[in-house]
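Here is what each chain is made of, one letter per residue.
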Protein chains: 4
Amino acid sequence: DPFFGHLITAMVTPFTKDDRVDYDAFEALAVKLVDEGNDSLVVSGTTGETSTLEDHEKEGLVRAAKSAVGDRAKVIAGTSTNHTSHDLEMARRAERAGADGQLVVTPYYNKPSQDGVLAHYQAVADAADLPLMIYDIPGRSGIAIETETILRLAEHPHIMSLKDAKNDITATTEVLTKTELEVYSGDDQNVLAWMAMGAVGVVSVTSHVACPHFRRMIDALLNYDLKEARIVHGELGPVIRGMMTRVQGAVSSKLVLDWLGFPINADVRLPLVQANAHEKELVLADLREAGWNL
Amino acid sequence: DPFFGHLITAMVTPFTKDDRVDYDAFEALAVKLVDEGNDSLVVSGTTGETSTLEDHEKEGLVRAAKSAVGDRAKVIAGTSTNHTSHDLEMARRAERAGADGQLVVTPYYNKPSQDGVLAHYQAVADAADLPLMIYDIPGRSGIAIETETILRLAEHPHIMSLKDAKNDITATTEVLTKTELEVYSGDDQNVLAWMAMGAVGVVSVTSHVACPHFRRMIDALLNYDLKEARIVHGELGPVIRGMMTRVQGAVSSKLVLDWLGFPINADVRLPLVQANAHEKELVLADLREAGWNL
Amino acid sequence: DPFFGHLITAMVTPFTKDDRVDYDAFEALAVKLVDEGNDSLVVSGTTGETSTLEDHEKEGLVRAAKSAVGDRAKVIAGTSTNHTSHDLEMARRAERAGADGQLVVTPYYNKPSQDGVLAHYQAVADAADLPLMIYDIPGRSGIAIETETILRLAEHPHIMSLKDAKNDITATTEVLTKTELEVYSGDDQNVLAWMAMGAVGVVSVTSHVACPHFRRMIDALLNYDLKEARIVHGELGPVIRGMMTRVQGAVSSKLVLDWLGFPINADVRLPLVQANAHEKELVLADLREAGWNL
Amino acid sequence: DPFFGHLITAMVTPFTKDDRVDYDAFEALAVKLVDEGNDSLVVSGTTGETSTLEDHEKEGLVRAAKSAVGDRAKVIAGTSTNHTSHDLEMARRAERAGADGQLVVTPYYNKPSQDGVLAHYQAVADAADLPLMIYDIPGRSGIAIETETILRLAEHPHIMSLKDAKNDITATTEVLTKTELEVYSGDDQNVLAWMAMGAVGVVSVTSHVACPHFRRMIDALLNYDLKEARIVHGELGPVIRGMMTRVQGAVSSKLVLDWLGFPINADVRLPLVQANAHEKELVLADLREAGWNL
């Protein structure tokens, strides 16, 4: 079995009305997600609004998640920014706080060369005794991790998995063929295609509100039941459109969790803002197209 | 079973040294491809250098293919350009020549609006009593066919299938969910992912030299044997790189067929040119990486 | 002075209601455009719906234009497709019909390598004793002409100018620095920027309806009067948006010429279609934003 | 005259061998740049490795720059990240440290909606009594600022200028036409084109090593001397290629300053790394093509 399992949700960070982390809501959400079939949880990742969390909050989220789910699921800490030396410290703090792994995104905005990407990942992987998941998402980072760089990173004993949001079938095929990395789709729409090619699962956002669907699809794929997987994939289409293309995933996840009755405040921190009326209508129309009773 | 089957090769057009269509080599190639497992053959498609064929040559290729393979495979005529009224005539000529279907590409270069795309396809579909396969390839045409347009085209009784080279999982999912179109991957690298999602097969170029691989992968997928399909997908990776990314597919197909001992002249018509020495080395290195003994 | 002058319109081809070329309207349009300041006219170019013209019509358009404007302007024949041997014949026919030059687009759709692009242009340039303008427009052709290829083409005695619609300031700078090619902006919005860098003029579509503006801007730039050029550039902004981004330029040019009272039938040939009601509203709003009284 | 003048360098941050900010080298560099004609200096911007500076270092750089150049040039503090509340504090600290303005980049990585972009800029602009320059660079930020958003931001009394690295002539034209914003090219290759259209100057990286060239080009443009401006633009072509396309600008600037004899340590902070041997060769070849004696 893959170290982090198959279904992983990149969790939102709920805030109170006065803008503090709402650890109670966060723990309740963690429990709900594990009850619904998650094998691991990402905390303080992109969808967790990592960019606007304080360091102590990131550490607090790791502790809260572990306290809530114990050994029922692994907790993966989003430890990284585009500042390597700061990330080393965050990796160590995550380890001390009890994280089971760390998710490390390609440095964004400052656009290192591939030599720099390699050095960054090696330094962070060395910093803590934590299984590390590479996160390749050029649409956010401004640069891709080239396949040659991934092949070299795969040799590091701590680097075990890849969250792949590059949408490049050729590159992914080469990684799957030439390395032992456990590959996760980092794009909710690509799960069926990626797992068919040999990816082990997904790090999902839509799973905040559609865990049972993803669990069904993943279990079908693990059983090579393509028929069932296709049915769920088709059902998820408009849901994923609503959650991922109308507003940022952190915004939509809090919004729709609230609509579905999970007690959560939909506030996000600037520069993110809540969905406006028009955006809400679009999300609602997508979910209704999926047959949801909202 | 899908009307055109699962494995389709978009055939090259061999030329003699004095630049006439080499019908003998073409028929021998058609027989070889059907022997190796093709269900249908595309003639005078993009890889058949349709842009530089005369109308009578296109018609001759349909007759030659039918004469060579009889009822053992269906023959799909590449009938289309970016000039609708000319295409209507070519559709009728293909029908009279015995074609079993037609492949119609999005008008390229002149960039019609979606209204124009719709009108173009409807006119061509009306022109002949031939099952029609839409070909959506924005990288060549300069425009994509929007999903909404495809949904409307799917209502036409002659429009039965889609050759999908758009590399857009979201769009393909919607077509698979909302229409009865038989979808073929139009990108050799995407076959496993696309068939997992519900595509019925591939219109391939690499199959000129790797039919048995594609047949194995397709049969595995039809049997839901993802393990076997992944093995073949991995083996095909460097082959597809060599055939599709170093030079144009018509150029590489003739070159490698020749290397493999199939009697064919590697000449192509201008503006295409044969691979230069450097390009040949790249192709060779890719095929050797795949373990081919060249 | 540059061989083809500074202001060139890529003319539409008017059709009669029964779909024949309307030579009378075409000649009247040619006269109008030269009266308004054009130095040369492109006939049977992209905007002339070259893709859906018959060969004899292309030849007829050259004769008609020469007959209409005599020595008052040069006539540049759009001779090219993606089929080299056919283009050689069209180059010779254009020369016999009296063309003063030819405009040759990068082969589209069949995606030759740069070796092929080079061979194509050299063959066409050799075919007729006509000054040749290269047309680099990757958004339509699917491939760009690399700078290295342009540098080599610039050595051919017939190749005198470049219609540059690549929108790549770095590449254009290198061409301007290293060759004697006369460079024309092939993008109406880029004229001011391109001429500031050393381009000699524009091959325009919007000039069907805004010749006096382009003439004013060009004359200002030739006099280094940036202040005046900027005023006209600003005025042209919404006009160019209306003409170039709402529908294809051939469609908008016929439509707006008709609105402005020039006697022309707005029909285009399939796969192009006339603007629908919504598109017309958008064009109208743009022109009204520019202060046009429509 | 524009508030920040015409020529602005986005300064690197020199480090000592033991990785502290080298304020002495920084001040010497500031003096050199002002001596060579800069009107303003950006400190702790992207090229200043803002992502890997501590907050106290950013404040220290503002104080050091002001101390070095006094009233001879304005100091613009790069105050922003993708975390709005942190940026408010940094804006206030920059103001207290004596900055003359602030440069605020579009929030990167977390991809706010345009509502979020608007709210972010308004909050930062409200936070300090400092003239604010918007920085629109979708290639780093992952999102563009839409023209409609810029038009609204232009109404804020503190928002005075735009550093435009979007390379979209249509959008820039609309901003120049409809607002009073002082627009600077944020792309060294675009200065001539952008200033011809009405931009007031450049925020440059290449100016670390080519100030006299930029000064000559800018002065020529202010005098409408396009001939002279084109000569300098052509000379700068290979220099800009070497400084901006081979390695990150911070890396190349330190490297080439050192080559030119300015006393600076070429170290950068991870995830950036120094140029490797191959990259150095490329930069060197570019500068030699420009006639530099290196």
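Structure: see above.
The paragraphs below set out a description of the structure included in this document. (Residues numbered from 1 in each chain as written. Chains lettered and ligands numbered in written order. Predicted model: local features only at pLDDT ≥ 70, side-chain atom pairs only at ≥ 80, totals over all residues. Heavy atoms only, no water.)

## With respect to the pattern of salt bridges
Heads up, the condition is: By definition here, a salt bridge exists when the distance from a side-chain nitrogen of Lys or Arg to a carboxyl oxygen of Asp or Glu is within 4 Å. Type-normalised accessible area, obtained with a 1.4 Å probe on protein chains alone, sets the label of each residue: buried when under 20%, exposed when over 50%, and partly exposed for intermediate values. For the purposes of this entry, the term helix denotes a DSSP run of H or I that reaches at least four residues, the term strand denotes a run of E that reaches at least two, and both are numbered from the N terminus.
Applying the stated criterion across every chain, the model contains 84 salt bridges over all chains. Where R20(B) meets D18(B), a salt bridge forms, and the shortest distance between an N and an O atom there is 3.2 Å. Overall, R20(B) belongs to the partly exposed group, its relative accessible area being 49%. One salt bridge in this structure joins E174(C) and K178(C), with 2.8 Å as the shortest N-O distance. Taken together, the positions of E174(C) and K178(C), both in helix 7 (residues 169-178) and 4 residues apart, correspond to about one turn of that helix. The network of salt bridges with shared partners includes E174(A), K178(A), R241(B), R246(B), D286(B) and E289(B).

## What to know about the sheet that holds strand 5 (residues 132-136) of chain D
All names here are of chain D. As a reminder, the rule being used: Two strands pair if DSSP finds at least two bridges between them. To define axes, lines are fitted to C-alpha atoms, for helices over the stretch in contact only, and angles between the resulting N-to-C directions are given on a 0 to 180 degree scale. For this analysis, residues touch if any pair of their heavy atoms sits within 4.5 Å.
The sheet built from 8 strands closes into a barrel, its strands ordered 1-2-3-4-5-6-7-8 with parallel pairing. This sheet shows a mean twist of 25 degrees between the axes of neighbouring strands, independent of strand direction. Pairing geometry for strand 1 (residues 7-10) and strand 2 (residues 40-43), over 3 bridges, is parallel. Bridge pairing links A10 to V42 in strand 2. Across the sheet, helix 4 (residues 114-127) touches strand 4 (101-105), strand 5 and strand 6 (159-164), and the angle it forms with strand 4 is around 165 degrees. Strand contacts of helix 9 (residues 207-222): strand 1 and strand 8 (201-204), with the helix running at about 165 degrees to strand 1, the strand carrying the most contacts.

## Quick look at the sheet that holds strand 4 (residues 101-105) of chain C
Residues and elements named next belong to chain C. With parallel pairing, 8 strands are arranged side by side around a closed barrel as 1-2-3-4-5-6-7-8. Across the sheet, the mean angle from the axis of one strand to that of its neighbour is 25 degrees, orientation sign disregarded. Sheet topology places strand 5 (residues 132-136) next to strand 6 (residues 159-164); 5 bridges connect them, and they run parallel. Along strand 6, the bridge assignment pairs Y135 with K163. This element, helix 2 (residues 55-69), spans strand 2 (40-43) and strand 3 (74-78) of the sheet and lies at about 170 degrees to strand 3. Sitting on the sheet, helix 4 (residues 114-127) touches strand 4, strand 5 and strand 6, and the angle it makes with strand 4 is about 165 degrees.

## What to know about the pairing of strand 6 of chain C
All names here are of chain C. To be explicit about the condition: Looking down the strands as they point away from you, a crossover is right-handed if its path from the first strand over the helix to the second goes clockwise.
When you tally the buried positions in strand 6, you get 5 out of 6 residues, the bulk of the element. Sheet analysis places strand 6 next to strand 7 (residues 182-185), joined by 4 bridges and oriented parallel. Of the residues in strand 7, the one forming a bridge with L162 is V183. Remark: the strand 6/helix 7/strand 7 crossover connection has right-handed handedness.

## Here we look at the interface of chain D and chain A
Filter applied, for reference: Computed with a 1.4 Å rolling probe, the buried area is the accessible surface lost when two parts are put together, summed over both parts. The term polar contact refers here to a pair of N or O atoms within 3.5 Å; inside protein, the definition further demands a hydrogen-donor-capable atom paired with an acceptor-capable atom, and it admits residues adjacent in sequence only when both atoms are side-chain atoms. All residues other than Ala, Val, Leu, Ile, Met, Phe, Trp, Tyr, Cys, Pro, Asp, Glu, Lys and Arg, Gly among them, are scored as polar; the first ten of these are nonpolar and the last four charged.
Taken together, the contact pairs 31 residues of chain D with 31 residues of chain A. Carbon and sulfur atoms supply 58% of the area buried between chain D and chain A, which totals about 2800 Å² over both sides. Per-residue buried area on chain D facing chain A is highest for Y109(D), R140(D) and P271(D); these three make up 28% of the total on that side. In this assembly, chain D and chain A are joined by 0 salt bridges. Linking chain D with chain A are 16 residue pairs in polar contact (both at pLDDT 80 or more), by the criterion used here. Those elements that provide at least two residues to the side of chain D that touches chain A are helix 4 and helix 5 (138-141) of chain D. Ranked by the residues each element gives to the side of chain D that touches chain A, the list is headed by helix 4 of chain D, at 4 residues. Of the residues that constitute the side of chain D that touches chain A, the class distribution is 11 nonpolar, 15 polar and 5 charged.

## Things to note about the relation of the copies chain C and chain B
Just so we agree on the cut-off: Only residues with pLDDT of at least 70 in both copies count here: their C-alpha atoms drive the least-squares fit that superposes the copies.
The transform that puts chain C on chain B rotates by 180 degrees and translates by 0.0 Å along the axis, for an RMSD of 0.0 Å. When the rotation and shift are considered jointly, the pair of chain copies conforms to a two-fold rotation axis. Among all residues of chain C, the minimum C-alpha distance to the rotation axis is found for G142(C), at 3.2 Å. Mapped onto chain B, 100% of the interface residues of chain C again fall at the interface, so both copies present the same surface.

## Re unusual backbone geometry
A cis amide bond links L270(A) with the next residue in sequence, P271(A), at an omega value of 15 degrees. Within the secondary structure layout, P271(A) lies in the loop between helix 11 (249-259) and helix 12 (277-289). Its identity as a non-glycine residue notwithstanding, N167(D) has a phi of 55 degrees, on the positive side. Its location among the elements puts N167(D) in the loop between strand 6 and helix 7 (169-178). Assessed through its relative accessible area of 38%, N167(D) is described here as partly exposed.

## Let's talk about the packing of helix 9 (residues 207-222) of chain B against helix 10 (residues 226-244) of chain B
Residue and element names in this part refer to chain B. Here is the rule we go by: Orientation is classified from the angle alone, with under 35 degrees giving roughly parallel, over 145 giving roughly antiparallel, 65 to 115 giving roughly perpendicular, and any other angle giving oblique. Crossings are classed by handedness, with left-handed meaning an anticlockwise turn of the near helix from the far one by less than a right angle and right-handed meaning a clockwise turn.
Relative to each other, helix 9 and helix 10 sit at 150 degrees, their axes nearing to 9 Å. Considered as vectors, helix 9 and helix 10 are oriented roughly antiparallel to each other. You can see that helix 9 and helix 10 cross each other, and the crossing is left-handed. Mapping the contact onto sequence places V209, A210, H213, F214, R216, M217, A220 and L221 in helix 9 and L226, E228, A229, I231, V232, H233, E235, L236, I240 and M243 in helix 10.

## Here we look at the packing of aromatic side chains
Operational definition: The pairing test for Phe, Tyr and Trp rings, Trp by its six-membered ring, is centres within 6.5 Å, and the orientation test on the planes gives stacked under 30 degrees, edge-to-face over 60, and tilted for anything in between. A ring has a charge above it when a Lys NZ or an Arg CZ is no more than 6 Å from the ring centre and no more than 35 degrees off the ring normal.
A complete count under the given rule lists 10 aromatic pairs over all chains for this structure. For the pair F3(B) and F4(B), a centre-to-centre distance of 4.9 Å together with 85 degrees between the ring planes defines the contact as edge-to-face. Ring geometry for Y109(B) against Y108(C): centres 4.4 Å apart, planes inclined by 25 degrees, an arrangement best described as stacked. Of this pair, Y109(B) sits in the loop between strand 4 (101-105) and helix 4 (114-127) while Y108(C) is found in the loop between strand 4 and helix 4, placing the two residues in two different chains. Both residues of the pair, Y109(B) and Y108(C), count as buried. An aromatic cluster is built from Y108(A), Y109(A), Y108(D) and Y109(D), whose rings are joined through pairwise contacts. The ring of Y135(A) has K163(A) lying over it, and the distance from NZ or CZ to the ring centre is 3.9 Å.

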